[in-house]
Amino acid sequence: MTKDGMVNAAIAAIVSGDVDTAAQVAKDAIAEGVSPGEIMNDGFIAGITEVGELFESGELFLPELMLSAQAMDAATRVCNEALGGVSGEAKSRIVVGTVQGDVHDIGKAIVIAYLKAHGNEVYDLGRDVPIETFISRAEETGAQVIGMSALLTTTMEEQKKLIKTLQERGLRDKYKVVVGGAPATQRWADQIGADAYAEDANDGVKKIDALLS
Ligand code: B12
């Protein structure tokens, strides 16, 4: 199959919520020499973006959205595994989680895989993570960076609250705080006093590298 064919198959597998095909397309594409980042961005992320639009316009409903999310999860696992990690001294230690009240974790998983592939030690805090957990895990692990994902306009407030809590405890200067997720913007990051906003996983790696250099 051509690369375009594989990209289209990836989009179709996510839109139709076909878990097995999504995983298989990811494996085939990587075996054919397409990079995991490329098939993820051009294929699977394009597919889940289309699903989001169909959901928003009422052409697709929650049960289908959930199947698409499962297909996305299956594809993400294959691509993330192929991305691998870098051995040797870690560049930095980073804790990353999806904020409390929010179960969206596909984007977070991709960000973590990219950060690991670029030689960072990353602690995955999971989803629906309370502020206290972000802070205690950052303290325990000696992290330099706290990364927060939020996909809902309601839960993005948690990003703001975490920064405020760090300030109140005199811990703000100890950490670089990076925010991401579909509703976040550079403007939002500036408004809440985050150190950086990243629009995708690649941007996240670059911004964190820049913050720590
Ligand atoms: C898949 C999905 C789900 C799945 C999630 C499964 C999972 N395990 O994640 C399920 C079906 C569970 C779900 C549930 C819900 N969802 Co939903 N969901 C989506 C959908 C379609 C895709 C999200 C996604 O995975 N995108 C793909 C990834 C790769 O992109 P990403 O998350 O943005 O991440 C990238 C960047 O943002 C960035 N990034 C993200 N985080 C971070 C963090 C850091 C530190 C950095 C550096 C970068 C970074 O890098 C990532 C990789 O490039 C979106 C639509 C959309 N356009 O976003 C709706 C959407 C987010 N959901 C929505 C809604 C309303 C819901 C529900 C409330 C539905 C309901 N009625 O129950 C529930 C909420 C449950 C909860 N409490 O969290 C709305 C939110 C509306 C709003 N304005 O708040 C959206 C926008 C759909 C819509 N258009 O209406 N959902």
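This text goes with the structure placed above it.
Basis of the calculations
- Residues numbered from 1 in each chain as written.
- Predicted model: local features only at pLDDT ≥ 70, side-chain atom pairs only at ≥ 80, totals over all residues.
- Heavy atoms only, no water.
- Pairing = 2+ DSSP bridges.
- Helix = DSSP H or I, 4+ residues; strand = E, 2+ residues; numbered from the N terminus.
- Donors = N, O, S within 2.8 Å, 3.2 Å for Na, K, Ca; no water.
- Buried < 20%, exposed > 50% of the residue type's maximum accessible area, 1.4 Å probe, protein only.
- Near = heavy atom within 4 Å.
- Nonpolar A, V, L, I, M, F, W, Y, C, P; charged D, E, K, R; others polar.
- Polar contact = N/O pair within 3.5 Å; in protein donor to acceptor, adjacent residues only side chain to side chain.
- Arc of directions from axis to C-beta.
- Contact = heavy atoms within 4.5 Å.

**Student:** Would you take a moment to explain the sheet that holds strand β4 (residues 176-180) for this structure?
**Tutor:** Strand order in the open sheet made by the 5 strands is β2-β1-β3-β4-β5, with parallel pairing throughout. The open sheet has two edge strands, β2 (121-129) and β5 (196-197), and neither has a second partner. Of the pairings in the sheet, the one linking strand β1 (residues 93-99) to β2 comprises 6 bridges and is parallel in character. Considered in β2, the bridge of Val 95 is made with Tyr 123.

**Student:** Looking at this model, I keep getting lost on the coordination of the cobalt atom of the ligand. Mind explaining?
**Tutor:** Just one protein atom coordinates the cobalt atom of the ligand, and that atom is His 104 (NE2), at 2.3 Å. By the secondary structure assignment, His 104 is in the loop between β1 and α5 (106-117).

**Student:** Would you mind showing me how to read unusual backbone geometry here?
**Tutor:** Residues apart from glycine generally show negative phi values, whereas peptide bonds are mostly found in trans. One non-glycine residue, Asp 128, lies in positive phi territory at about 55°. Mapping Asp 128 onto the fold places it in strand β2. Residue classification places Asp 128 among the partly exposed residues on the basis of a relative accessible area of 38%.

**Student:** Help me out: how do you make sense of the site of the ligand in this one?
**Tutor:** Not every one of the 34 residues close to the ligand is listed here, only the nearest: Val 103, His 104, Asp 105, Ser 149 and Thr 153. Counting only elements with at least two residues in the shell around the ligand, the list comes to α3 (36-56), α4 (62-83), α5, β3 (145-149), β4 and α9 (201-212). In terms of residue class, the shell around the ligand is made up of 18 nonpolar, 10 polar and 6 charged.

**Student:** What is the right way to look at the side chain of Ser 92 in this model?
**Tutor:** Structurally, the position occupied by Ser 92 is in the loop between α4 and β1. Looking at Ser 92, its side chain comes within polar contact range of the side chain of Asn 120, at 2.6 Å.

**Student:** When you look at helix α6 (residues 131-141) in this model, what are you seeing that I'm missing?
**Tutor:** Owing to its 3.6 residues per turn, the α-helix brings residues three or four apart onto one side. Among all positions of α6, only Ile 131, Phe 134, Ile 135, Ala 138 and Thr 141 are buried. Angularly, the buried residues of α6 cover 145° about the axis, an arc narrow enough to put them on a single face. Elements in contact with the buried residues of α6: β1, β2, β3 and α7 (157-168). Gly 142 lies just past α6 and shows a positive phi near 70°.

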